[in-house]
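# An overview of the molecular structure
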Amino acid sequence: MPISIGQYALKLSSYSLLALLATATLFQISFDREDPGIWSGEPLSNLFLDYIPMFEFDPSIASFESIASNTPQNSPRRGDVPNPNIVIIMVDALRADHLKAYGYQRDTAPFLSGLIDAGELISVDTVHSSCSESACGILSVLSGKEYADIRSNSTHLGNILGANGYRSSFLLTGDHAWGGLRSMYDADFLSDGESRERYAINDDAGIIDELGTLDLAASQPNFLYFHLYSVHELGLRHRQFNKFEPHQASFNPLTSLFADDEQRQQRDINNYDNGILQADFFIAQIFAELEKQGILKNSIVYISSDHGEGFGEH
C-alpha cells in the first residue's frame, strides 16, 4: 500500500524532531572534551565534526615525574647569568605569508615588523605545520613530534623545563579542554578563556589582564606559553582594528548572498588581516608587561602558529 503524502510528511517531521532533540541534548551535555575518545565513532556527534582528536596513552613513555626525579636539581647556569625565561606566543591560524616579513604587501603586524627591522626578531624562512587542527599543531610545537607520534603522556618542552627548575605558566584564549589539551599541558599555572568571568571565552584581552596579576620576577626562571585567538575566525574582534575594508565575519551568510566569489574572498582576507593587526597589538602588550615585570631582558621569545588558514586556494 503506497504511503500518502500526509503520512510521509508526518514521518519526516517526527524524524526531524527526534534529530533536533538529540542534537540539543548533545550540545547541552557537551562532548567530554577531557576524554574525547568516548565519542569516537559515535554517529550523531560525528555528523558535526570531521574528527575528534584523540591521543592514546603510551605506557612505555617515561612519566613526567620520572623525568623530574632523574634530572639534577641544580640546573647548569652560564657563570653568574641566570637561565633565560622561555616565552612561546602561539597565534592561532596565523599564515606566514600574510606578514610583511614574508613578502606580504600589507604591514599587518607593525609591532613585529619593527622588531625585525631593529634586529631583535629573526624570521624563519621555512616552517610547516604538522596538521591543520589546533590540538595536534600545538602539541607538535611543544613536543617536537609529528601528529601520529604524539601520545597523551608525551614529554614536551614544559615538562623538560619544569624538571630543570622552571615554573610553567600557560595563559590561553579559547577552551583548551578540547582533545584533552588542558591536562596534557601539565602546567604549574594554567588559565584559559573558559575560566575568565570578565571576558568572553575567545577574547585575547583576558590574557593581558591576567598576565598583569602574575609575579614573574621570582628567582626561578619562567616558561610562559601564550595562545592568542585574534586571527582565528572564532576569535572576538575589537572594532578599532577594522583597518582593511570591506570586511566581514567569516560566519556572516547575509553579506555572502549578494557577493560573488572574488568579493567574498577579499572580504574574508580583509577580516583575517584585521585579526592579525589585533594579534600584533596584543603581542605588543605581552612584551610591555614582561618588560614592566623586569623579565623581558632575560627572555628568549618564540612567536609561531599551530596552523594556517585557507581562502579557497584548494
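An account of the accompanying structure is given in this report. (Residues numbered from 1 in each chain as written. Predicted model: local features only at pLDDT ≥ 70, side-chain atom pairs only at ≥ 80, totals over all residues. Heavy atoms only, no water.)

## Topic: the packing of aromatic side chains
Counted according to the given criterion, the structure contains 9 aromatic pairs. An angle of 70° between the planes, with centres 5.4 Å apart, marks the rings of Phe281 and Phe282 as edge-to-face. Since its relative accessible area comes to 5%, Phe282 is described here as buried. Taken together, the ring pairs connect Phe170, Tyr185, Phe223 and Tyr225 into an aromatic cluster. The ring of Phe244 is capped by Arg106, whose NZ or CZ atom sits 4.1 Å from the centre of that ring. (Phe/Tyr/Trp six-rings, centres within 6.5 Å; stacked < 30°, edge-to-face > 60°. Buried < 20%, exposed > 50% of the residue type's maximum accessible area, 1.4 Å probe, protein only. Lys NZ or Arg CZ within 6 Å of the ring centre and 35° of its normal.)

## Looking at the packing of helix H3 (residues 110-117) against helix H9 (residues 261-292)
Helices that pack against each other are described as a pair by the angle of their axes relative to one another and the distance between those axes. Following both chains from N to C, one finds H3 and H9 inclined at 60°, their axes separated by 7 Å at the closest point. As judged from the angle between their axes, H3 and H9 are oblique. Of the residues in H9, those touching H3 at Pro110, Phe111, Leu112 and Leu115 are Leu277, Asp280, Ile283, Ala284 and Phe287. Grouping the constituent residues of the contact of H3 with H9 by class yields 8 nonpolar, no polar and 1 charged. (Axes fitted to C-alpha atoms, helices over the stretch in contact; angles between N-to-C directions. Helix = DSSP H or I, 4+ residues; strand = E, 2+ residues; numbered from the N terminus. Parallel < 35°, antiparallel > 145°, perpendicular 65-115°, else oblique. Contact = heavy atoms within 4.5 Å. Nonpolar A, V, L, I, M, F, W, Y, C, P; charged D, E, K, R; others polar.)

## Some words on the state of the cysteines
As enumerated under the stated definition, the model contains 1 disulfide in all. Sulfur-sulfur distance for the disulfide between Cys131 and Cys136 comes to 1.9 Å. Because the torsion about its S-S bond is 110°, the bridge between Cys131 and Cys136 counts as right-handed. Both residues of the pair, Cys131 and Cys136, count as buried. (Disulfide = S-S within 2.5 Å.)

## Description of the nonpolar core
One finds Ile89, Val91, Phe226, Leu228, Ile286 and Leu290 to be the most contacted residues of the largest nonpolar core, which totals 33 residues. Elements supplying a minimum of two residues to this core: strand E1 (85-91), H3, helix H7 (205-211), strand E4 (222-228) and H9. A total of 9 residues in this core trace back to one element, the largest contributor, which is H9. When residues no more than four places from it in sequence are discounted, the contact partners of Leu290 are Val87, Leu211, Leu216, Leu224, Ile295 and Leu296. Listed in part, the 20 residues of the second largest apolar core include Cys131, Leu142, Ile150 and Leu181. (Core = buried A, V, L, I, M, F, W, Y, C linked by side-chain atoms within 4.5 Å.)

## Structural notes on the sheet that holds strand E5 (residues 299-304)
What holds strands together in a sheet is hydrogen bonding between their backbones, with the strands either parallel or antiparallel. Strand order in the open sheet made by the 5 strands is E3-E2-E4-E1-E5, with parallel pairing throughout. The open sheet terminates on both sides in strands that have one partner only, identified here as strand E3 (189-191) and E5. Strand-to-strand, the axes of this sheet are offset by a mean angle of 10°, without reference to chain direction. With 6 bridges joining them, E1 and E4 adopt parallel strand pairing. Bridge assignment links Met90 to a residue of E4, and that residue is His227. (Pairing = 2+ DSSP bridges.)

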